[in-house]
Amino acid sequence: MMLTQTKSINLLPKMRNPTIRCMANPRRVKMVAKQIQRELSDMLLTDKVLQYAILPEAALGADRYLSSLTTVSDVEVSADLQVVKVYVSVFGDERGRELAIAGLKSKAKYVRSALGRRMKLRLTPEIRFIEDESLERGSRVIAILDKLKNEKKTVEGQDEGNSDSSDLPKDDEDYDVDDPDEGIIYVK
């Protein structure tokens, strides 16, 4: 018997990236994101399964409007319409926030199937819930700015109370009536 070496010949050219990605029109991606945000907001208001997932006390008869407030603040859809990141803001105490986010994450498959029934898409995208803390951070920044503003007012009020009118020359006291250059800053 004679042994021969055989070489396999690959007739197909080598592809660098064998995965094929479909990119949707950016306008369509924005429209899908807006529609998903609308549908999710509506589901948060009307769907009992989601309401009980967000606020388990609602099943016991607690007032769901006063306990915590959950809103969809933003929706990001990937370019291939396969993954949706849903940014959710929860107003309430720390325990309520943790329960709401955990409840939404546990119902992600339910939300995906409900979105599939509500929307006309070839493939329903995967849903990922992410806690959005930007509104909370913004309110903290506003509170800090208000605090600084109030401190500045109290410091200015103390400075005015400590200043003596006898320190001013007599000419300056008479000139305060109508100053045409008041409010103008001269730079040298």
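Below you will find a few notes about this structure. (Residues numbered from 1 in each chain as written. Predicted model: local features only at pLDDT ≥ 70, side-chain atom pairs only at ≥ 80, totals over all residues. Heavy atoms only, no water.)

Moving on to the nonpolar core. Membership of the largest hydrophobic core comes to 27 residues, with the highest contact counts inside it found for I36, V77 and V86. Elements with a contribution of two residues or more to this core: helix 1 (26-46), helix 2 (48-54), strand 1 (69-77), strand 2 (83-91), helix 4 (94-106), helix 5 (108-118) and strand 3 (126-131). Considering every element that reaches this core, the biggest residue donor is helix 1, with seven residues. Filtering out sequence-adjacent residues up to four positions away, V86 remains in contact with L40, V72, D74, V75, I127, R128, F129 and I130. (Core = buried A, V, L, I, M, F, W, Y, C linked by side-chain atoms within 4.5 Å. Buried < 20%, exposed > 50% of the residue type's maximum accessible area, 1.4 Å probe, protein only. Helix = DSSP H or I, 4+ residues; strand = E, 2+ residues; numbered from the N terminus. Contact = heavy atoms within 4.5 Å.)

So, on to the pattern of salt bridges. Under the defined criterion, the tally for this structure stands at five salt bridges. Between E39 and R118 there is a salt bridge, with its nearest N and O atoms 2.9 Å apart. Pair noted here: E39 is in helix 1 and R118 is in helix 5, with a separation of 79 residues, a long-range link. Judged by its relative accessible area of 35%, R118 is partly exposed. (Salt bridge = Lys/Arg side-chain N within 4 Å of Asp/Glu carboxyl O.)

A few words on helix 4. With 13 residues, helix 4 ought to run about 18 Å at 1.5 Å a step, and its terminal C-alpha atoms sit 18 Å apart, in line with that. Here helix 4 has its buried residues at G96, R97, A100, I101, G103 and L104. Considered in projection along helix 4, the buried side chains sweep an arc of 160 degrees and stay on one side of the axis. Among the exposed residues of helix 4, those pointing more than 90 degrees away from its buried face are K105 and S106. (Expected span 1.5 Å × (residues − 1). Arc of directions from axis to C-beta.)

If you check the backbone angles, L81 has positive phi at about 60 degrees while not being a glycine. The topology assignment puts L81 in the loop between strand 1 and strand 2.

Turning next to the environment of M23. Considering the arrangement of structural elements, one finds M23 in the segment before helix 1. In this structure M23 comes out as exposed when scored by relative accessible area, which is 61%.

So, about helix 5. Listed as buried for helix 5 are A108, V111, A114 and L115. All buried residues of helix 5 lie within an arc of 125 degrees about the axis, which places them on one face of the element. Exposed and oriented more than 90 degrees from the buried face of helix 5 are K109 and R117. Buried-residue contacts for helix 5 involve helix 1, helix 2, helix 4 and strand 3.

Now for the packing of helix 1 against helix 5. Two packed helices can be described by the angle between their axes and the distance between those axes. The contact between helix 1 and helix 5 brings their axes to 11 Å, and the two run at 115 degrees. With respect to helix 5, the element helix 1 is oriented roughly perpendicular. The crossing of helix 1 and helix 5 is right-handed. Seen from helix 1, the contacting residues are I36, E39, L40, D42, M43 and T46; seen from helix 5, they are V111, A114, L115 and R118. Grouping the amino acids of the contact of helix 1 with helix 5 by side-chain chemistry returns six nonpolar, one polar and three charged. (Axes fitted to C-alpha atoms, helices over the stretch in contact; angles between N-to-C directions. Parallel < 35°, antiparallel > 145°, perpendicular 65-115°, else oblique. Left-handed = near helix turned anticlockwise from the far one by under 90°. Nonpolar A, V, L, I, M, F, W, Y, C, P; charged D, E, K, R; others polar.)

To locate leftover empty space, one rolls a probe as large as a water molecule over the atoms. If you walk through the whole model with that rule in mind, you get one cavity of 30 Å³ or more. Here the largest cavity defines a volume of roughly 40 Å³. The wall of the largest cavity is formed by L40, L44, L50, V72, V86, V88, L104 and F129. Those elements that provide at least two residues to the lining of the largest cavity are helix 1 and strand 2. Looking at the lining of the largest cavity, its residues break down into eight nonpolar, no polar and no charged. (1 Å grid on protein atoms, 1.4 Å probe; cavity = no way out; pocket = protein on both sides within 12 Å on 5 of 7 lines; lining within 4 Å. Points joined across faces, edges and corners; volume = space filled by probe spheres on them.)

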